[in-house]
Structure formats: C-alpha cells, structure tokens
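Below, each chain spelled out in residue letters.
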2 protein chains.
Amino acid sequence: MMAGLRERKKEQTRRRIAETALRLFAERGYDEVTVNEVAEAAGVAKVTLFAYFATKECLVLDEVKEDMARIVTERAPGLSPLGALRAHYRAFAEGAGEIDADSLLARVRVISGSPALLAGVHQAHAGQRYELAAALEREPGDLTAHLLAAQITAVITTLQEQFFHRLACGAPLAEAGWRLAGEVDVAFDLLEHGFAASYGDKS
Amino acid sequence: MMAGLRERKKEQTRRRIAETALRLFAERGYDEVTVNEVAEAAGVAKVTLFAYFATKECLVLDEVKEDMARIVTERAPGLSPLGALRAHYRAFAEGAGEIDADSLLARVRVISGSPALLAGVHQAHAGQRYELAAALEREPGDLTAHLLAAQITAVITTLQEQFFHRLACGAPLAEAGWRLAGEVDVAFDLLEHGFAASYGDKS
DNA sequence: TTTGAAATTGAACCCGGTACGCTTTATGCT
DNA sequence: AGCATAAAGCGTACCGGGTTCAATTTCAAA
C-alpha cells in the first residue's frame, strides 16, 4: 500500500477545516460564525467544506461519535450488557485525567454554548438508541430491550451533561473525572434496581 | 371579557393555517411541501404564517404539546411521582378509543413519515426533561432526580413510538390503546424495580 | 370620528445546503 | 517519461426556511 500523497492531503484538509471551525466557534460562538467564513478561513470553497462535513453541526460533532451498541456486542464473555456499559464508562471516567484537555474543553464550551449543537447531541444519542436496542433485542419486537436502550441513552446523556457542565464551569478535568465515576455507579445502580426506593410508592 | 372579533379572527386564521398545513403534508409528505405553498394555500403571507408558528415543525407539533412536569406537581396527595405518571398514561391508553381518530391518524402518519419531524418530537421530549427534572428535584443538583426525569422521558418516548408505529401500520385505535396500557405497566415496573432481573449480572 | 395599536403584507435579505459544469492534480498504466 | 483517468476542488446559481423592515389595512377604544 503506497503512502498516498493524495490521501494524506485529504486528511490534512479535513483536519484543517475542523480545526479552523472549532477555533472560530470558540472565539465568536457557533451561531455567530457562518460556514462561508469557516470555508474562507480554511482556504477552501464552501462546496468542498460540505464534501467533508455533511452539515455545519458535523464540524463540531463528527469527531466525537460514540457507539454504545459496539460496547454491548463486543463485550467480554460472561459479562452482562449493563455490566459492560458500566465498566466502559467507569474506565472513561477514571482515565479522564489523561485526555488532551485543551481540545476537549474548547469543544465542550462551544457545544454547551449553542442550543443548536446541544440539540445535535441529543439527536446523535437518539440515533444510538436504535442501534443499541437492536443489539439488546433477544427476539423481534422485544419491548424490554427497547426500554432498556432508551433508558441507557437517557442516562448517558444526563451524565454527559453533568460532566460537560462542570468542565464548562472551569472544574479541572481530573476532578470532573472522579466525580463522574461516582455518578456512573449511582446511575447504573438505579438502572439495575429501580427508583422504587427513592421515588416510588411506599409498599 | 368581550367576545373580541379580532381574537376570534386570529384563532380562526391560526386554525386555517394549521389545518391547511396538515392536509398538504398528509397528501404529499412533509418534506415535499414548502412553507410558501402552505401560506399560499391558506391564503396568507409567509410572514404571517411565521407570526403564528415559529417554525415549519410547529405547524405539526404545536398542537400536541404534553407537560409531564404538571402531572407531577399537581398530583393527588399521597401519590408518588412515578405513581402519578403511571396512572396518567394508563388512563390515556384506556381512553384512547374515544379520541378523534382521523385527525390523530393523519398527524401520526405525517410525523412518522418525516425524519425531521421525528427529530422535532425528540427535541420536544428533551425539553420536557428539564422541566420534569426541576419538578422532581428535592434539593439543588439532585442527580437522582435528573436521572429519573431522563429515564421517564426516554420511556414515554419509546412507548409513544410503539403506539405511533402501530397506528401508522393500520391498527385500530382501540386495539393500540389496550396494548399500550399493558406496555405502560411493563415500563413503569421496570422503572421502579430495575433491569437486573432481565439484563443485569446474575448475582 | 378620530386615533392608535395590532394584524397583515410584499420585498429584500441571510444562511445552510445542493446541483452543475468546469479546472486542476495525483496516480496507475504503458 | 508520458498519458489517460478519476478524484479533488472550485464558482456560480439556485433552493427553502426564516427574519427584517417599512408600508398598509383593520379593529376598537376614547
């Protein structure tokens, strides 16, 4: 396989666009920057920009795609779906200190500052819900699987919001990490054992 | 309070726009109809249309706003939040047979047929999540309340999807209703007691 | 009946996104 | 090395949702 000057240039262009976009958004806010400006600042035509990123949102969100379904389908044997997801998010939380803080923080602030992008994140999670439901389904039309998938994505969305909110407020990454770890456990315990003790009828 | 010729005309105009829109969308599909066409068919200027409906989505979704938060805050004394919500959705499911089927069905088919509108529904539910979380919060920053709110909205979204899907596939309203009633109970039982029995680690 | 606020309008405009046809450039083949 | 080809990029015009603004109509209150 050749080095491929062409492919290198392509990835380079893509990165240049994404970085330019994130920088401009961080400076002036997502809604205050037009895609034309991004394209021009990246030295590229608008059409070319949209050849790399399907929508304006993708400029920010494409780099951050998760796939919960894979965590379930590729889990270690003997581990339950819930166990696998809990372990994955615990591991992320505990390893949060080692992430490139600057890049993450800029992205988080841009996202948190724009309703449109927050909506985009919700949409992405809604999309994952279907894949996760498919991965959890034990028989066609398994209602419990769909409910579980919905609840898991809802929980992850909530935890991510808390995490983002703390980062956006200036908390150091390490601290946000270990607080997240605790919250992951609270959340998965509730998923497994329910809210009857906290919010249900006394019975 | 006067009858108000002006206000009557206003509501009349609003309804004319909404009905025209729903009819056109049902005939040709949401994405194939332009807001200009809706405005023209309703005998009104585009600007006027947007004075009544903030976005194109609102033409379909504004009539269908729920408010889960109110169900919680105005629940009967002695009833838990989860109990109140379960009762409310059971009551809806059991009374489904008495709804105006034609109007509902048209709307459901339009919504189900357009990714953009489905996304809009998700957005609306996400918005409710915040209000519901606020209604459930027992102290500032109550993580459990936010998790519960997220899971409830996720569950309701899922149940609504099942319900819509069945209606869109031609199931009679009464049948879809009683199936929904059973699903409501399954869903709230899982919310109260968790998924450990179905999906957790054997322990 | 005058007066003022609310409703409505047309037209121009902004922005995200697409269609089309054209140039440039890397690459694989001879 | 040279050439054909396909990919990458470009300019422009266009579309549809949504806003702005100044001008006009219409109800209602004094």
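Keep in mind that what you see is a predicted model, and the values were worked out from it rather than measured.

Draft legend 1. The overall build of chain A, seen in detail. In terms of helices and strands, chain A carries 11 helices and 0 strands. Taken from N to C terminus, the helices and strands of chain A fall in the order α-α-α-α-α-α-α-α-α-α-α. Along the longest, intermediate and shortest principal axes, the C-alpha atoms of chain A span 65 × 40 × 30 Å. Considering chain A as a whole, with its 203 residues, one finds that 46% of them fall into the buried category. At a minimum sequence separation of 6, the contacts of chain A that also span at least 24 residues come to 64%. Total accessible area computed for chain A in this model is approximately 10600 Å², and 55% of it derives from carbon and sulfur atoms. Charged side chains in chain A number 23 positive and 29 negative. The centres of these two groups are separated by 6 Å.

Draft legend 2. Region of the structure containing the nonpolar core. Phe25(A), Leu136(A), Ile152(A), Phe25(B), Leu136(B) and Ile152(B) are the most contacted members of the largest nonpolar core, which totals 120 residues. When neighbours within four sequence positions are excluded, Ile152(B) is seen to be in contact with Met68(B), Leu82(B), Leu85(B), Leu132(B), Leu136(B) and Leu191(B).

Draft legend 3. Quick look at the environment of Arg109(B). All names here are of chain B. Note on placement: Arg109 falls in helix H7 (residues 101–112). For Arg109, a relative accessible area of 45% translates into the label partly exposed. Spatially, the C-alpha atom of Arg109 lies 19 Å from that of Val35, the residues being 74 residues apart in sequence. Not counting chain neighbours up to four residues away, the residues in contact with Arg109 comprise Leu167 and Ala168.

Draft legend 4. Focus on the packing of aromatic side chains. Tallied over the entire structure, the rule returns 6 aromatic pairs over all chains. Taking the centre distance of 6.0 Å and the plane angle of 75 degrees together, the rings of Phe92(A) and Phe163(A) count as edge-to-face. On the criterion of sequence distance, the pair formed by Phe92(A) in helix H6 (residues 81–94) and Phe163(A) in helix H9 (residues 143–168) is long-range, its members being 71 residues apart. The exposure class of Phe92(A) is partly exposed, given its relative accessible area of 36%. Phe163(A) gets classed as buried once you look at its relative accessible area, which sits at 4%. Relative to Tyr30(B), the ring of Phe25(B) lies with its centre 4.9 Å away and its plane at 65 degrees, an arrangement referred to as edge-to-face. Note on accessibility: Phe25(B) and Tyr30(B) belong to one class, buried. Ring-pair connections join several aromatic residues into one group, and the members of that group are Phe92(A), Phe163(A) and Phe164(A). The lysine or arginine in question, Arg14(A), covers the ring of Phe53(A), its NZ or CZ lying 4.5 Å from the ring centre. Sitting above the plane of the Tyr30(B) ring, Lys56(B) keeps its charged end 4.3 Å from the centroid.

Draft legend 5. Highlighting the packing of H7(B) against helix H9 (residues 143–168) of chain B. Residue and element names in this part refer to chain B. Closest axis-to-axis distance for the H7/H9 pair is 9 Å, and the angle between their directions is 105 degrees. Taken together, the axes of H7 and H9 lie roughly perpendicular to each other. Packed against H7, whose contacting residues are Leu104, Leu105, Val108, Arg109, Ile111 and Ser112, the element H9 presents Phe164, Leu167 and Ala168 at the interface. Looking at side-chain class alone, the contact of H7 with H9 contains 7 nonpolar, 1 polar and 1 charged residues.

Rules and cut-offs
Residues numbered from 1 in each chain as written. Chains lettered and ligands numbered in written order. Predicted model: local features only at pLDDT ≥ 70, side-chain atom pairs only at ≥ 80, totals over all residues. Heavy atoms only, no water. Helix = DSSP H or I, 4+ residues; strand = E, 2+ residues; numbered from the N terminus. Buried < 20%, exposed > 50% of the residue type's maximum accessible area, 1.4 Å probe, protein only. Contact = heavy atoms within 4.5 Å. Areas by Shrake-Rupley, 256 points an atom, 1.4 Å probe, with all protein chains shown as cover. Lys, Arg positive; Asp, Glu negative; His and termini not counted. Charge placed at Lys NZ, Arg CZ, Asp CG, Glu CD. Core = buried A, V, L, I, M, F, W, Y, C linked by side-chain atoms within 4.5 Å. Phe/Tyr/Trp six-rings, centres within 6.5 Å; stacked < 30°, edge-to-face > 60°. Lys NZ or Arg CZ within 6 Å of the ring centre and 35° of its normal. Axes fitted to C-alpha atoms, helices over the stretch in contact; angles between N-to-C directions. Parallel < 35°, antiparallel > 145°, perpendicular 65-115°, else oblique. Nonpolar A, V, L, I, M, F, W, Y, C, P; charged D, E, K, R; others polar.

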